[in-house]
Amino acid sequence: MRRREFLRNAAAGAGVLVLRSVPAAFAQSAGARIEILVDEPLGTISPGIYGHFAENLSGVIYDGVWVGEHSKVPNVGGIRKELVEEMRKINPPIVRFPGGCFADSYDWRDGIGPADKRPRRTNFWSSSEPASAPDTHRYDANQFGTNEFMQFCRLIGAQPYLAANLRSLPAQEFSRWVEYCNSPPGSTTLADERAAAGFKDPFNVRYWGVGNESWGCGGNFTAREYAVEYRRFTAWLPKYAGAELSLIASGPNDEEWDWTRGFLEEIARKDKDLIEEIYGLALHHYTWNLSRGKSTDWDKAKGDAVKFDVLDWYELLREGDVMESLIDGHWKAMGEFDPTHHIKLAVDEWGPWYRPGSELTPGDQIEQLPTLRDALFSASTLDIFNRHPEKVALACCAQLINCLNSLYLAHEDRFCVTPVGHVFAMYAAHQGGTSLRTHFSVPEIHYDRDGEAASMWGLRGSASLHGKELVLTAVNPNVHEAVDAQIAVRGARVKSGTATVLTASDMHAANTFQQRQVVVPKSLAAEIKGDAPVFRFPPASVVKLVLQVG
Ligand code: AHR
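Just so it is clear, the structure is predicted and the values come from calculations on it, not from any experiment.

Let us look at the packing of helix α10 (residues 322-335) against helix α11 (residues 372-387). Contact geometry for α10 and α11: axes closest at 9 Å, N-to-C directions at 25°. Judged by the inter-axis angle, α10 sits roughly parallel to α11. As for how α10 packs across α11, the hand of that crossing is right-handed. Contact with α10, carried on its side by M323, E324 and I327, involves T381, I384, F385 and R387 of α11 and no other residues of that element.

Below, the structure written as structure tokens:
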């Protein structure tokens, strides 16, 4: 089965940490070196690349985000309180809602007005819900709609990113949703409806997705057909003071370069200037095929979230590198039609996708249990985005809670932060910084891949400058060995530093409702001596160094 078919059917204890800072003369490692070039800025890291995705899918919204005002679960106006508190710690820039595939079946009007008058609808994902799923996952009582989502975004300090329905609603409904969200108080009937719900002031929603995966669940269009629809849906959208519209076109899946080219060619064929009106091109990439070349079947080629060996560990991390080639490849294709690169990439769905079976809450469709391996994968992906600040404006990890690469898992009154959630907390320090060219010269890891010699990078990451503070993050994928790397900051002097390390003695380590603190970051003070200090990056770890420079 392929992913398209899947979607079609759906429609129907930390270990011992050693972190050292010693004079360069006492460096132990065989030439491992990180060189940070302060005078070679790559661009500003858009905070938007640290974004999230919350689809109305199974337990993501209902149970994950929304528990209802009358729930015994502590909540703020129906929104899970612990989630709000945790998210505030990670400085979330943006949340994408309501889908995903769900978006192209959603009528936004169902989710406004008095909660007890809202219609109940069959959820897009209902037919692929497991038998053990509760009815709330199959039938949508629309208790969490536009107003509640805006309230959630306000509570956590994030910008809303709404995905409009291009498959099953007319273009006028897109305009009306914009009008509901953004028209000034008292100006329109919809502004009055918004005020009646307690929201006099406009939401000023800036980010709008024009459909989702329009090559598949979002309408099965060809790239050119979609471009025609895109033009129609975005022509004369209402604009209001206070909310510039940043439109994100449904983009390619994986390496479908023809989608990128076909879409942009058709847009430009009508009017080259239209290119300038597109803010972002969405790129979706899930890391799912861990079969080591044995299968391309969507079901059979997937790996297991929690049962894996060292080879599977390296395979996932190596597969994660594909993201960098996709960014480079689509950027190049975009440049053929948009030479000044007005349009940026919006990687608004990314993460590993495993076979079912690891979910903490039975019945939560496509929920999986993130382990330390997923923390390294996620950190490495965020490092990739950091290294391409001129290309990637926005990215959303799929998905926020109770789903694929989730930061949080929750069920009723139980809750935990996953290792992925901790990575987002560590990496928030990069937001808005100046990405710096950084070279990692570290010996490769060699291993046996089904009888063939294989290798992968030994340490990799990214660096950003924030005034006098330099943030370096790095992933050591080596399951067995630490890396002692000399850190040379070219163009500045390191005065002091602190380190945060995320690791565990078992590569399968995960946090659960019963054991919430198995994988948690540890902070260490580092004494800096000499111009090129040496740090020990523990095996299987994510490390953040915050260096004061002068
Ligand atoms: O994240 C789950 C699904 O994956 C989304 O709904 C869809 O856009 C993608 O195919």
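Still more ground to cover, so stick around.
To continue, consider the pattern of salt bridges. Inspection of every chain in the model, using the stated rule, returns 30 salt bridges. When the shortest N-O distance is used, the salt bridge between D348 and R96 registers 3.6 Å. Residue D348 is found in strand β12 (residues 344-352), and its partner R96 is found in strand β5 (residues 94-97); the two are separated by 252 residues along the sequence. In terms of burial, D348 and R96 fall into one category: buried. Close ionic contact of R269 with E266 constitutes a salt bridge, the shortest N to O distance being 2.7 Å. Linking R269 with E266, this pair stays in helix α8 (residues 257-270), spanning three residues, or about one helical turn. In this structure R269 comes out as exposed when scored by relative accessible area, which is 63%. Shared partners join several salt bridges into a network, and the residues in it are R292, K294, D312 and D450.

Quick look at the state of the cysteines now. According to the stated counting rule, one finds one disulfide in the structure shown. Across a sulfur-sulfur distance of 2.2 Å, C101 and C217 are joined as a disulfide pair. The chirality of the disulfide connecting C101 with C217 is left-handed, given an S-S dihedral of about -85°. With a gap of 116 residues between them, C101 in the loop between β5 and β6 (121-122) and C217 in the loop between β9 (207-210) and α7 (223-234) connect regions that are remote in the sequence. C396 carries a free sulfur, and the closest cysteine sulfur to it, the one in C397, is 9.0 Å from it.

In this structure, strand β14 (residues 408-411) lies alongside strand β15 (residues 414-417), joined through four bridges in antiparallel fashion. Within β15, the residue paired with A410 across the bridge is F415.

The way to describe two aromatic rings as a pair is by their centre distance and the angle between their planes. Enumeration over the complete set of coordinates arrives at 26 aromatic pairs. On the numbers, 5.3 Å between centres and 35° between planes, the contact of F102 with Y106 is tilted. You can call Y106 buried: its relative accessible area is 5%. Cluster of aromatic residues (ring-pair linked, three or more members): F102, Y106, W108, F174, W177, Y180, F199, F203 and W208. The ring of Y279 is capped by R206, whose NZ or CZ atom sits 5.4 Å from the centre of that ring. Positioned above the aromatic ring of W298 is the side chain of K302, whose terminal nitrogen or guanidinium carbon lies 4.1 Å from the ring centre.

Quick look at helix α9 (residues 310-319) now. Most of α9 sits inside the fold, with seven of its 10 residues counted as buried. Taken together, the buried positions of α9 are occupied by L311, D312, W313, Y314, E315, L316 and L317. Of the surrounding secondary structure, the elements contacted by the buried residues of α9 are β11 (280-287), β12, α11, β17 (445-449) and β18 (452-456).

Attention shifts here to unusual backbone geometry. Cis peptide bonds are those with omega within 30 degrees of zero, and the linkage from G99 to G100 qualifies with 15°. Among the structural elements, G100 can be located in the loop between β5 and β6. Look at the link from A398 to Q399: it is a cis peptide, with omega at -5°. Even without glycine at this site, E213 takes up a positive phi of about 40°.

The next point concerns the sheet that holds strand β22 (residues 494-502). Spatial strand order, β23-β22-β25-β20-β19-β16-β1-β21-β24: nine strands in an open sheet with mixed pairing. Two strands close off the open sheet at either side, each with one partner strand: β23 (522-526) and β24 (534-537). Across the sheet, the mean angle separating the axes of adjacent strands is 25° when strand polarity is ignored. Where β22 meets strand β25 (residues 541-549), eight bridges bridge the pair, whose relative direction is antiparallel. Within the sheet, the bridge partner assigned to V501 lies in β25 and is V543. On the sheet, α11 packs against β1 (33-44), β16 (434-441), β19 (460-466), β20 (469-476), β22 and β25 and is oriented at approximately 55° with respect to β19.

Turning our attention to the packing of α8 against α10. Where α8 meets α10, the axes come as close as 9 Å, and the angle between the chain directions of the two elements is 25°. The pairing of α8 with α10 is recorded here as roughly parallel in orientation. Crossing geometry of α8 relative to α10 is assigned as right-handed. Counting all contacts with α8, which are made through W257, T260, R261 and L264, the residues of α10 involved are S325, L326, G329, H330, A333 and M334. Partitioning the contact of α8 with α10 into residue classes produces five nonpolar, four polar and one charged.

Parameters at a glance
- Numbers given for residues are sequential positions, taken from 1 along each chain in its written order.
- Whole-chain, interface and lining totals are the exception, using all residues; otherwise, since this is a predicted model, local features are given only for residues with pLDDT of at least 70 and side-chain atom pairs are given and counted only at 80 or more.
- With hydrogens and water stripped out, all remaining heavy atoms of the structure feed into the side-chain values.
- Between N-to-C directions, angles cover 0 to 180 degrees, with each direction set by a line fitted to C-alpha atoms, over the stretch in contact for helices.
- Every helix listed is a DSSP run of H or I at least four residues long, and every strand listed is a run of E at least two residues long, numbered separately from the N terminus.
- Orientation categories follow fixed angle ranges, with anything under 35 degrees roughly parallel, anything over 145 roughly antiparallel, 65 to 115 roughly perpendicular, and all other angles oblique.
- Each helix crossing is assigned a hand: it is left-handed if the near helix lies turned anticlockwise from the far helix by less than a right angle, otherwise right-handed if that turn is clockwise.
- Whether two residues touch is decided by their heavy atoms; if any such pair falls within 4.5 Å, the residues are in contact.
- Salt bridges are defined by distance alone: a side-chain nitrogen of Lys or Arg within 4 Å of a carboxyl oxygen of Asp or Glu.
- Buried residues are those whose accessible area, probed at 1.4 Å on protein chains only, stays under 20% of the maximum for their type, while exposed residues exceed 50% and partly exposed ones sit between those limits.
- Note on disulfides: each one is a pair of cysteine sulfur atoms within 2.5 Å.
- Two strands qualify as a pair provided that DSSP identifies no fewer than 2 bridges between them.
- Aromatic pairs are defined between Phe, Tyr and Trp rings, using the six-membered ring for Trp, whenever the two ring centres lie within 6.5 Å; interplanar angles under 30 degrees are classed as stacked, those over 60 as edge-to-face, and all others as tilted.
- When the NZ atom of lysine or the CZ atom of arginine is within 6 Å of a ring's centre and also within 35 degrees of its normal, the charge is said to sit over that ring.
- Each residue receives one of three labels: charged for Asp, Glu, Lys and Arg, nonpolar for Ala, Val, Leu, Ile, Met, Phe, Trp, Tyr, Cys and Pro, and polar for the others, Gly being one of them.

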